[in-house]
Amino acid sequence: MGRETLLNAAIALGLVAVPVWAHLAGEPFIITLTTKAVILALAGVGLNIALGHGGLISFGHAAYFGLGGYAAGILAHHAQTFTPLMSAPFIIEGTKFMPVIWLVAVIVAGLAALVIGALSLRTSGVYFIMITLAFGQMLFFFAISWPAYGGEDGLVIYVRNEFPGLNTLDPIQFFALCYVILGLALWFSHRFGRSPFGLALNAARQNAERVQTVGIRPFRLRLTAFVISGMITGLAGALFADLNRFVSPSMLSWQTSGEIMIFIILGGVGRLYGPVAGAALFIALEHFLGGVSDYWLVFVGALLLLVVLFARGGIIGTLAGREVAHD
Amino acid sequence: MTETILKVDNVSKAFGALRACDRVSLDLRLGEIHALIGPNGAGKSTLIKQIAGNLRPDSGRIEFLGRDVAALDTVERARMGLGRSFQISAVIAEFTVLQNVVLAVQGARGTSFHFLRGALSDRAVTEAARLQIERAHLGGREAVRASDLAHGERRRLELAMALALRPKAFLLDEPMAGMGADGVAEMTGLLDGLRHEAPILLVEHDMDAVFALADRISVLDYGQIIASGTVDEIRAHPEVRRAYLGEEDAA
Ligand SMILES: Nc1ncnc2c1ncn2[C@@H]1O[C@H](COP(=O)(O)OP(=O)(O)O)[C@@H](O)[C@H]1O
Ligand SMILES: [Mg+2]
């Protein structure tokens, strides 16, 4: 087994060990904290598909995270107020059933990524960063100014949504659910990276002209990757809404986009467990430093600077070295 | 009459006041190597880019396999069967030799939109890639990253990628640039065998290689074709000797 595989296994184990210990020790807050790290890691796994594999520096992934969150919030809102989501031309009811909520979140986020991607992928470099940021901000201001779903105040999910066979109100059970989803996303991300599509996408990031001369269209690769990326981040958003039992426009803010990007840079751009390591470290810092000083983000900023200057591969790259291509 | 695969007819391209290609006409026929020579800045790469679809001619017409390709972009022309190598090596640096050639095989087969199976676990694809790697004399180097290859190996990797497309014509822009004598000899041997697979439009500065390989030569100078003919005709052409072969031959 390679060093990176061992490191990944250690991270995966650590993410289980902490909440299991917290469960036995009766520390539900720690479980919630780990669940938060797991969900944010999932958002990062989504962005990593676009950013790490595709080289698409999206500064607007809060859009998909927030849309996923609002999908959960709005569906739950209608279910708990017994008002239909839509009454004409046919009736659509709200729901508290997680699998349906996730499906809606993934579809809505995917459609948004399709539209936003189709428009912004015509640009590149700084323009791409700016245009994705602009779309994110558009949704943010839309959410703030749309009173039907709480506007600035957001939406409260009174009781966490349901999953068959589980008591989602029990922190450890909700954690397990999120952990399994993260595991599935990582499995997909792993297969994706080695697939023909992943190969072509990674090639297009390095040399788009070369990819064209072998008869492959980079735009189609990138748009597809962008949509998949948005879908995964959207799913994370739906889980995040359920974790907090609350959705607000802050999920759509540019700070959220920045944080998701920070997870990846801290953990290692393009590395399978990069977003997991990054999100875990970020939440740990928030927990430990946030208690000491209100300026904890300054420390994160300094750390980010160090990583960018001296450890380009992030945590994973520093501990596991260069990625193994194949044998 | 041998079949014409590629036909460039009266193509012009200007960059501002600079006429990089000025009413250029030439053709490429089945089974031949047609060398395009000329001093630096003559417009050779500009012509290649117009044929490959990276640049749009200001006027004139380019036909590939009997079809006007004006409306087709680079990707569509590659799919039609234009196998191209760049003047400056363009391989995927972080990829291994095998991954690079597998990418080309995928492109040729149109199998890039698979998300879960392994790119390197499809035997048919990797076998096709390994075959071209062997042919480009890179056997045993499959697992080496392109960025770690020697210069000459990287040029041959480009050739392997072009080969993997099973093209109907090769467009090779200075495939021997920067190579030592051994590298040139090796590449010359490789290209010699290729012409029967698909004709080659070969831009090259190494005159020994050009004279050894070419069936026909066209000479480009300041964007214009000043001579076109067999090796012997070009060697004897007074304008060519003056403009291009220069003092070296006159001595
Ligand atoms: N994109 C461009 N914009 C402006 N001038 C260019 C461009 N590409 C090439 N040129 C100019 O066109 C001329 C022909 O260039 P090129 O085709 O690269 O020559 P060659 O390959 O024969 O050495 C040169 O003078 C070069 O500077
Ligand atoms: Mg040139």
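Residues numbered from 1 in each chain as written. Chains lettered and ligands numbered in written order. Predicted model: local features only at pLDDT ≥ 70, side-chain atom pairs only at ≥ 80, totals over all residues. Heavy atoms only, no water.

A. Structural view of the overall build of chain A. The number of helices and strands found in chain A is 13 helices and 2 strands. Looking at chain A alone, contacts between residues at least 24 apart form 77% of all its contacts between residues at least 6 apart. Taking the average location of the 16 positive side-chain charges in chain A and that of its 14 negative ones, the two points are 16 Å from each other. (Helix = DSSP H or I, 4+ residues; strand = E, 2+ residues; numbered from the N terminus. Contact = heavy atoms within 4.5 Å. Lys, Arg positive; Asp, Glu negative; His and termini not counted. Charge placed at Lys NZ, Arg CZ, Asp CG, Glu CD.)

B. Here's a closer look at the pattern of salt bridges. Residue and element names in this part refer to chain B. Under the criterion given, the structure shown has 22 salt bridges over all chains. Between D192 and R195 there is a salt bridge, with the nearest N and O atoms lying 2.3 Å from each other. Accessibility expressed as a relative area gives 9% for R195, which makes it buried. Members of the salt-bridge network, linked through shared partners, are D27, R29, E32 and R216. (Salt bridge = Lys/Arg side-chain N within 4 Å of Asp/Glu carboxyl O. Buried < 20%, exposed > 50% of the residue type's maximum accessible area, 1.4 Å probe, protein only.)

C. How the structure looks around the sheet that holds strand 5 (residues 67-68) of chain B. Residues and elements named next belong to chain B. If you walk across this open sheet you meet the 4 strands as 2-1-4-5, and the pairing is antiparallel. The sheet terminates laterally at strand 2 (18-29) and strand 5, the two strands that pair on one side only. Along the sheet, helix 1 (residues 44-52) contacts strand 1 (4-15), strand 2 and strand 4 (59-64); its crossing angle with strand 1, the most-contacted strand, is approximately 120°. (Pairing = 2+ DSSP bridges. Axes fitted to C-alpha atoms, helices over the stretch in contact; angles between N-to-C directions.)

D. Focus on the interface of chain A and chain B. Listed per partner, the contact involves 34 residues of chain A and 43 residues of chain B. Here chain A and chain B share an interface that buries about 3200 Å² over both sides, 61% of which is from carbon and sulfur atoms. Ionic pairing is found between R210 of chain A and E158 of chain B, a salt bridge with its closest N-O pair at 2.9 Å. At the surface where chain A touches chain B, the tally comes to 13 residue pairs in polar contact (both at pLDDT 80 or more). Mapped onto the side of chain A that touches chain B, the elements with two or more residues apiece are helix 6 (171-194), helix 7 (196-206), helix 8 (208-213) and helix 9 (218-244) of chain A. The leading source of residues in the side of chain A that touches chain B is helix 7 of chain A, at 8 residues. Looking at the side of chain A that touches chain B, its residues break down into 15 nonpolar, 9 polar and 10 charged. (Buried area = accessible area lost by both parts, 1.4 Å probe. Polar contact = N/O pair within 3.5 Å; in protein donor to acceptor, adjacent residues only side chain to side chain. Nonpolar A, V, L, I, M, F, W, Y, C, P; charged D, E, K, R; others polar.)

E. Quick peek at the coordination of the magnesium ion (ligand 2). Taken together, S45 of chain B (OG) and Q87 of chain B (OE1) make up the full set of protein donors to the magnesium ion (ligand 2), lying 2.1 to 2.2 Å away. On the criterion of sequence distance, the pair formed by S45 of chain B in helix 1 and Q87 of chain B in the loop between strand 6 (82-85) and helix 3 (97-109) is long-range, its members being 42 residues apart. (Donors = N, O, S within 2.8 Å, 3.2 Å for Na, K, Ca; no water.)

F. Layout of the pairing of strand 7 (residues 169-173) of chain B. All names here are of chain B. Buried residues dominate strand 7, accounting for 5 of its 5 residues. Residues A169, L171 and D173 point to one face of strand 7 and F170 and L172 to the other, with burial holding for every one of them. The pairing of strand 6 with strand 7 spans 4 bridges and is parallel. Looking at strand 7, one finds that L82 is bridged to A169. Bridge analysis of strand 7 against strand 8 (residues 200-203) gives 4 bridges, and the strand direction is parallel. Residue pairing across strands places L171 opposite L201, the latter belonging to strand 8.

G. Molecular detail of the site of ligand 1. Residue and element names in this part refer to chain B. As a structural note, the neighbourhood of ligand 1 is formed by F15, L18, A20, P39, N40, G41, A42, G43, K44, S45 and T46. The separation between an oxygen atom of ligand 1 and a polar main-chain atom of G43 is 2.9 Å. Take T46: an N or O atom from its side chain is 2.5 Å from an oxygen atom of ligand 1. Coverage of ligand 1 by the protein amounts to 62% of the 560 Å² it exposes when considered alone. Within the residue set of the shell around ligand 1, elements represented by two or more residues are strand 2 and helix 1. Here the shell around ligand 1 takes 3 residues from helix 1, the largest share from any one element. (Near = heavy atom within 4 Å. Areas by Shrake-Rupley, 256 points an atom, 1.4 Å probe, with all protein chains shown as cover.)

H. Spotlight on the sheet that holds strand 7 of chain B. All names here are of chain B. An order of 6-7-8-3-9-10 is seen for the 6 strands of this open sheet, with the pairing classed as mixed. The open sheet has two edge strands with one neighbour each: strand 6 and strand 10 (224-229). For this sheet, the mean inter-axis angle between neighbouring strands, taken without regard to orientation, is 15°.

I. The packing of helix 3 (residues 62-81) of chain A against helix 9 of chain A, seen in detail. Residues and elements named next belong to chain A. Between helix 3 and helix 9, whose axes approach to 6 Å, the crossing angle comes to 45°. When the interaxial angle is binned, helix 3 and helix 9 end up oblique. By crossing handedness, the relation of helix 3 to helix 9 is classed as right-handed. Of the residues in helix 9, those in contact with Y64, F65, G68, G69 and A72 of helix 3 are F226, G230, T233, G234, A236, G237, A238, F240 and A241. (Parallel < 35°, antiparallel > 145°, perpendicular 65-115°, else oblique. Left-handed = near helix turned anticlockwise from the far one by under 90°.)

J. Molecular detail of the environment of S248 of chain A. Residue and element names in this part refer to chain A. When you line up the elements, S248 lands in the loop between strand 2 (246-247) and helix 10 (254-267). Under the relative-accessibility criterion, S248 is labelled buried at 11%. Placed 105 residues apart in sequence, S248 and A143 show a C-alpha to C-alpha distance of 8.1 Å. Once residues lying within four places of it in the same chain are set aside, the contact partners of S248 are Y70 and G154.

K. Focus on a nonpolar patch on the surface. A cluster of nonpolar residues, L103, I107, L111, L114, V115 and L119 of chain A, forms a patch on the protein surface that exposes about 550 Å² of accessible area. Within the secondary structure, L103 of chain A sits in helix 4 (residues 98-120). (Patch = residues over 30% accessible without salt bridge, like charges linked within 9 Å, V, L, I, M, F, W, Y side chains within 5 Å.)

L. Main features of the side chain of R145 of chain B. By the secondary structure assignment, R145 of chain B is in the loop between helix 4 (123-135) and helix 5 (151-164). An unpaired buried charge is present at R145 of chain B: no salt bridge exists, and D148 of chain B, the closest side chain of opposite charge, is 4.9 Å distant. A polar side-chain atom of R145 of chain B sits 2.6 Å from the main-chain carbonyl oxygen of E323 of chain A.

M. Geometry of the layout of surface pockets. Of the pockets and cavities examined, the largest pocket occupies roughly 1700 Å³. What lines the largest pocket is a set of 50 residues, among which H53, G270, R271, E323 and V324 of chain A lie closest to the centre. Those elements giving two or more residues to the lining of the largest pocket turn out to be helix 1 (3-25), helix 2 (28-53), helix 6, helix 7, helix 10 and helix 12 (296-310) of chain A together with helix 3 of chain B. Looking at the lining of the largest pocket residue by residue, the class counts come to 19 nonpolar, 20 polar and 11 charged. Computed from the structure, the second largest pocket encloses a volume of approximately 300 Å³. K36, F240, S250, T256 and E259 of chain A are the residues nearest the centre of the second largest pocket, which is lined by 19 residues in total. The dominant element in the lining of the second largest pocket, judged by the number of residues it contributes, is helix 10 of chain A, at 5 residues. (1 Å grid on protein atoms, 1.4 Å probe; cavity = no way out; pocket = protein on both sides within 12 Å on 5 of 7 lines; lining within 4 Å. Points joined across faces, edges and corners; volume = space filled by probe spheres on them.)

Keep in mind that these numbers describe shape and distance, not what the molecule does.
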